[in-house]
Amino acid sequence: MRTLISALIMLMIISCGQENKEKNNAISADKDSIESHQVEPGDFKIGDIITTPCAIIVSPTESIIDSLIKDNEEDFYTTADDQQFYLSKVREYLDSTNTRTIDIVSKGNLRFKLADGKIINIALDEYYWNVLLFNGKTEPIKIDITGFIEEFDRYMK
């Protein structure tokens with residue numbers, strides 16, 4: 001019985017690892033190798049044009065994290081913990097409003113198509129632990145995650 005339970009637990013761990021690996025490969029794929037097309041946020045791939053209202057949660061790349069640790073290891077962990085706390089609150093609110101989200105690392109560019117047809121490009125290199133909001137009509141905005149709800153309500157409504 002113990003062997004069966006152990007085997008099931010190992011199978012679950014392996015399958016969860018595969019799903020995350022596939023998801024990470026989709027996000028870190030070379031943006032030039034993916035055909036650009038308009039998509040819904042749930043089907044987003046690098047190089048796509050975002051056309052519908054959504055929130056984009058931008059996380060730091062491993063190289064940014066390494067750089068931040070190198071610059072000030074003592075403060076990094078406190079800052080990272082604070083950012084994760086605020087981002088969890090942001091996610092809770094986004095879930096409660098049924099807002100579509102895109103999780104991405106701060107590498108490459110995002111393209112948005114506004115209601116008037118204009119395409120907006122945003123380089124993600126300077127964004128990490130940030131949230132961008134896109135209402136589908138006007139240019140996307142970067143939100144202060146400590147005052148997220150007020151800014152979300154003002155921009156998305």
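Residues numbered from 1 in each chain as written. Predicted model: local features only at pLDDT ≥ 70, side-chain atom pairs only at ≥ 80, totals over all residues. Heavy atoms only, no water.

Caption draft 1: A look at the environment of Phe 112. Summarising the element assignment, Phe 112 is placed in strand β5 (residues 109-113). Overall, Phe 112 belongs to the buried group, its relative accessible area being 0%. Here the alpha-carbon distance between Phe 112 and Thr 138, two residues 26 residues apart in the chain, equals 9.5 Å. (Helix = DSSP H or I, 4+ residues; strand = E, 2+ residues; numbered from the N terminus. Buried < 20%, exposed > 50% of the residue type's maximum accessible area, 1.4 Å probe, protein only.)

Caption draft 2: Focus on the nonpolar core. One finds Ile 50, Ile 56, Leu 110, Phe 112, Val 131, Leu 133 and Phe 148 to be the most contacted residues of the largest nonpolar core, which totals 32 residues. Within the residue set of this core, elements represented by two or more residues are β3 (54-59), α2 (62-96), β4 (101-105), β5, β6 (119-123), β7 (130-134) and α3 (148-156). It is α2 that provides the largest number of residues to this core, a total of six residues. (Core = buried A, V, L, I, M, F, W, Y, C linked by side-chain atoms within 4.5 Å.)

Caption draft 3: The arrangement of the packing of α2 against α3 in detail. Between α2 and α3, whose axes approach to 10 Å, the crossing angle comes to 35°. For the crossing formed where α2 meets α3, the hand is right-handed. Residues Val 90, Tyr 93 and Leu 94 of α2 pack against Phe 148, Ile 149, Phe 152 and Asp 153 of α3. Here the residues of the contact of α2 with α3 are counted per class, giving six nonpolar, no polar and one charged. (Axes fitted to C-alpha atoms, helices over the stretch in contact; angles between N-to-C directions. Left-handed = near helix turned anticlockwise from the far one by under 90°. Contact = heavy atoms within 4.5 Å. Nonpolar A, V, L, I, M, F, W, Y, C, P; charged D, E, K, R; others polar.)

Interpretation note: all reported values are geometric properties and have no functional meaning in isolation.
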